[in-house]
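Examination of the molecular architecture
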Amino acid sequence: MKEEIDNTSLYQKLQSARYKFGDYKKENLGEGMILVEELKGGYWKPRYLIDNEAETACEFMNSDYCLLTVTADDIAWETRQSRQTLSMLLPLSMSGAEA
């Protein structure tokens with residue numbers, strides 16, 4: 001069984017050298033948010049979301065590349081970036097297609 005890791009510990013883990021090169025890359029989304037992508041089968045797959053301002057991170061796609069549950073409490077709805085990010089993710093999750 002996979003060990004659960006809290007959001008602050010995950011943030012610290014994603015700051016390590018392992019997540020800076022090789023099979024991982026980071027994309028700045030603005031407003032202190034970073035998307036961490038993992039190389040899998042020759043494709044970059046979004047895996048983690050880092051909030052640098054809060055110094056937390058969450059895994060929103062598991063190792064099998066299935067979207068994990070996101071609740072309304074997880075989204076800062078008042079920010080423009082949150083609305084843009086959500087509009088990009090919803091069509092992928094609704095279609096059942098692999099990104």
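The structure under discussion appears in the preceding block.
Along every chain, residues carry numbers that run from 1 in the direction the sequence is written. Given that the model is predicted, a residue must reach a pLDDT of at least 70 before its local features are reported, and side-chain atom pairs must reach 80 or more before they are shown or counted; all residues, however, enter totals for whole chains, interfaces and linings. The basis for every side-chain value is the complete set of non-hydrogen atoms in the structure, without hydrogens or water.

Time to look at the overall build of the protein chain. On a plain count of helices and strands, the protein chain comes out with 2 helices and 4 strands. For the protein chain, the α and β elements follow one another from N to C terminus as α-β-β-β-β-α. With 99 residues in all, the protein chain has 25% of them scored as buried. In this analysis, two residues are considered to be in contact whenever any of their non-hydrogen atoms come within 4.5 Å of each other. Taking the intrachain contacts of the protein chain between residues at least 6 apart in sequence as the baseline, contacts between residues at least 24 apart amount to 29%. Summed over all atoms, the accessible surface of the protein chain reaches about 7,000 Å², with 53% contributed by carbon and sulfur. A run of DSSP states H or I qualifies as a helix once it reaches four residues; a run of E qualifies as a strand once it reaches two. Both are numbered from the N-terminal end. Relative accessibility thresholds used throughout: buried, under 20% of the residue-type maximum; exposed, over 50%; partly exposed, between the two (1.4 Å probe, protein chains only). Calculation of accessible area relied on Shrake-Rupley with a 1.4 Å probe; when residues are assessed, cover is drawn exclusively from the protein chains displayed.

Counting through the fold element by element, G22 comes out in the loop between α1 (7-14) and β1 (24-30). When the C-alpha atoms of G22 and E38 are compared, they prove to be 8.9 Å apart, with 16 residues separating the residues in sequence.

Paired strands are those between which DSSP finds at least two bridges. The strand order β1-β2-β3-β4 describes an open sheet built from 4 strands, whose pairing is antiparallel. Each end of this open sheet is capped by a strand with a single partner; those strands are β1 and β4 (56-59). Across this sheet, the average inter-strand angle for adjacent strands is 30°, counted without regard to direction. As judged from the 4 bridges shared by strand β3 (residues 43-51) and β4, these two strands associate in the antiparallel manner. Bridge pairing in β4 places Y48 opposite E59. Geometry is summarised by axes, namely lines fitted to C-alpha atoms with helices restricted to the contacting stretch, and by angles between N-to-C directions that run from 0 to 180 degrees. Contacts from α1 reach β1, β3 and β4, with the element oriented near 95° to β4.

Our focus in this paragraph is the packing of aromatic side chains. By convention, a stacked pair of Phe, Tyr or Trp rings (six-membered ring in the case of Trp) has centres within 6.5 Å and planes under 30 degrees apart, an edge-to-face pair has planes over 60 apart, and any other such pair is tilted. Considering all chains together, one arrives at 2 aromatic pairs under this definition. Ring geometry for Y19 versus Y24: centroids 4.5 Å apart, planes at 55°, classification tilted. Judged on exposure class, the residue Y19 and its partner Y24 are both buried. These aromatic residues form a ring-pair network of at least three members: Y19, Y24 and Y48.

Pairing of β1 with strand β2 (residues 33-40), which is carried by 6 bridges, proceeds in the antiparallel orientation. Paired with G30 across the bridge in β2 is M33. Following β1, the chain reverses through 2 residues before pairing antiparallel with β2; E31 in that reversal takes a positive phi of roughly 55°. As paired elements, β2 and β3 share 8 bridges and run antiparallel to each other.

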